[in-house]
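Analysis of the macromolecular model
Listed below, chain by chain, are the residues.
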Amino acid sequence: MSRGLNNSRSDFPILDQKVNGEQLVYLDNAATTQKPTSVLNSLVHYYEHDNANVHRGVHTLAERATEEFEAARDKVAAFINAKSRQSVIYTRSTTESLNWIASSFGNSVVNEGDEIVISELEHHSNVVPWQQVAKCQHATLKYIGLTADGELDMADAEKQITDKTKIVSIAHASNVMGVINPIKALTKLAHQHGAYMIADGAQSTPHLKVDVQDLGVDFYAFSGHKMLAPTGIGILYGTPEVLDQMEPASLVGK
Ligand SMILES: Cc1ncc(COP(=O)(O)O)c(C=O)c1O
């Protein structure tokens, strides 16, 4: 094992144990990562010093908690190059981000006879919400196929995305094939047809430099818990234009 890896191991207290008599090796990071000491310490520090109701109080602790909460949002915005902190919404996971987009946005912009386009390599979290929207709105769900190499077939994308398409939702990096999909080109194609573009960034954000403005996407969903943040942390990025159109979660549907 390289010196670098040994150094990293010591950042993760959970790895300092034996399982079945062997030193623990954890390889399930695509599902959720372990948490380094710095993250664990921050959590404990917050609950020991600053915990209060965020955005709901005027006392010292509430102000401190709110400042921390918003400072983290600023860091996330800078990390993905969002134009402003207002574009960054905290959720519990990529799944929850995608569900919110589908139920609070998809349900209002998709009408009878419209089409939603996803691909054959999507995670379940980027399939089921669109099946539901298509069912509720009497729309059609279409799938972009793959090439023999397991990559997204861009020629097929050009066929599937038409003027009937209202939403295109595609994984930036596939958890199935490991391929990186050309989100910028797909966004251009979707926008040329007047459709909204959503990217599932669950597997890309931990590994790629993500620049939401450069990609041009309308929404981008990813998981903090897959990149060292605590369990129950996800992000929903949206441009002001689409966020303004989102219905409150309790008032969805038509
Ligand atoms: C491509 C992709 N999308 C969505 C998800 C769901 O992420 P979460 O568990 O944070 O909801 C995963 C999880 O592995 C994934 O790989």
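Here goes a summary of the coordinates provided. Since the structure is predicted, the reported quantities are computational estimates derived from the model, not experimental observations. (Residues numbered from 1 in each chain as written. Predicted model: local features only at pLDDT ≥ 70, side-chain atom pairs only at ≥ 80, totals over all residues. Heavy atoms only, no water.)

**Some thoughts on the overall build of the protein chain**
Counting its secondary structure elements, the protein chain contains 9 helices and 9 strands. Viewed in the frame of its principal axes, the protein chain has a C-alpha envelope of about 55 × 50 × 30 Å. Buried residues in the protein chain amount to 44% of all 254 residues. If you take every contact in the protein chain between residues at least 6 apart in sequence, the share linking residues at least 24 apart comes to 63%. Roughly 13500 Å² of accessible area belongs to the protein chain as shown, and the carbon and sulfur atoms make up 53% of that amount. Averaged over its 21 positive side-chain charges, the protein chain has a centre that lies 2 Å from the centre of its 30 negative ones. (Helix = DSSP H or I, 4+ residues; strand = E, 2+ residues; numbered from the N terminus. Buried < 20%, exposed > 50% of the residue type's maximum accessible area, 1.4 Å probe, protein only. Contact = heavy atoms within 4.5 Å. Areas by Shrake-Rupley, 256 points an atom, 1.4 Å probe, with all protein chains shown as cover. Lys, Arg positive; Asp, Glu negative; His and termini not counted. Charge placed at Lys NZ, Arg CZ, Asp CG, Glu CD.)

**A word on the site of the ligand**
Around the ligand, a shell composed of 13 residues is seen, among which Thr95, Asp200, Gln203, Ser223 and His225 lie nearest. The contact in question runs from an oxygen atom of the ligand to an N or O atom on the side chain of Thr95, over 2.4 Å. Within the side chain of Lys226, a nitrogen or oxygen atom sits 2.8 Å from an oxygen atom of the ligand. Notes on the ligand: free accessible area 390 Å², of which the protein chains cover 88%. Of the residues assigned to the shell around the ligand, the class counts are 2 nonpolar, 9 polar and 2 charged. (Near = heavy atom within 4 Å. Polar contact = N/O pair within 3.5 Å; in protein donor to acceptor, adjacent residues only side chain to side chain. Nonpolar A, V, L, I, M, F, W, Y, C, P; charged D, E, K, R; others polar.)

**Considering the sheet that holds strand S4 (residues 115–119)**
With mixed pairing, the 7 strands of this open sheet are ordered in space as S3-S9-S8-S7-S6-S4-S5. In this open sheet, the two edge strands, each paired with only one partner strand, are strand S3 (88–91) and strand S5 (140–144). Each strand axis lies, on average, 20 degrees off the axis of its neighbour in the sheet, ignoring direction. Here strand S7 (residues 196–200) runs beside strand S8 (residues 219–223); their pairing, made up of 3 bridges, is parallel. By the bridge assignment, Ile198 is partnered in S8 with Phe219. (Pairing = 2+ DSSP bridges. Axes fitted to C-alpha atoms, helices over the stretch in contact; angles between N-to-C directions.)

**Description of the layout of surface pockets**
The gaps of empty space that remain are located by a probe, the size of a water molecule, rolled over the atoms. The computed volume of the largest pocket comes to approximately 1200 Å³. What lines the largest pocket is a set of 30 residues, and nearest its centre among them are Ala72, Tyr90, Ala229, Pro230 and Ile233. Mapped by element, the contributors of at least two residues to the lining of the largest pocket are helix H2 (37–50), helix H3 (60–79), S3 and strand S9 (234–238). Its residues placed into classes, the lining of the largest pocket shows 19 nonpolar, 8 polar and 3 charged. When residues are assigned to domains, the lining of the largest pocket turns out to be shared by domain 1 (5–67) and domain 2 (85–243), each giving three or more. (1 Å grid on protein atoms, 1.4 Å probe; cavity = no way out; pocket = protein on both sides within 12 Å on 5 of 7 lines; lining within 4 Å. Points joined across faces, edges and corners; volume = space filled by probe spheres on them. Domains from an automatic or database assignment.)

**Notes on the packing of aromatic side chains**
In this structure the tally under the stated criterion is 5 aromatic pairs. Ring geometry for Phe105 against Phe219: centres 5.0 Å apart, planes inclined by 70 degrees, an arrangement best described as edge-to-face. With a gap of 114 residues between them, Phe105 in helix H4 (residues 94–109) and Phe219 in strand S8 connect regions that are remote in the sequence. Neither residue differs from the other here; Phe105 and Phe219 are each classed as buried. (Phe/Tyr/Trp six-rings, centres within 6.5 Å; stacked < 30°, edge-to-face > 60°.)

**Brief notes about the pairing of S7**
Among the 5 residues that make up S7, 4 are buried, leaving the element largely enclosed by the rest of the structure. The pairing of strand S6 (residues 165–171) with S7 spans 5 bridges and is classified as parallel. Across the sheet, residue Ile170 finds its bridge partner in S7, namely Ala199.

**Quick word on the side chain of Glu70**
Locating Glu70 in the fold gives a position in helix H3. Side chain to side chain, Glu70 and Arg73 meet in a polar contact 2.8 Å long. Beyond its immediate stretch of four places on either side in the chain, Glu70 contacts His55 and Arg85.

So far we have only geometry, and geometry alone does not tell us how the molecule works.
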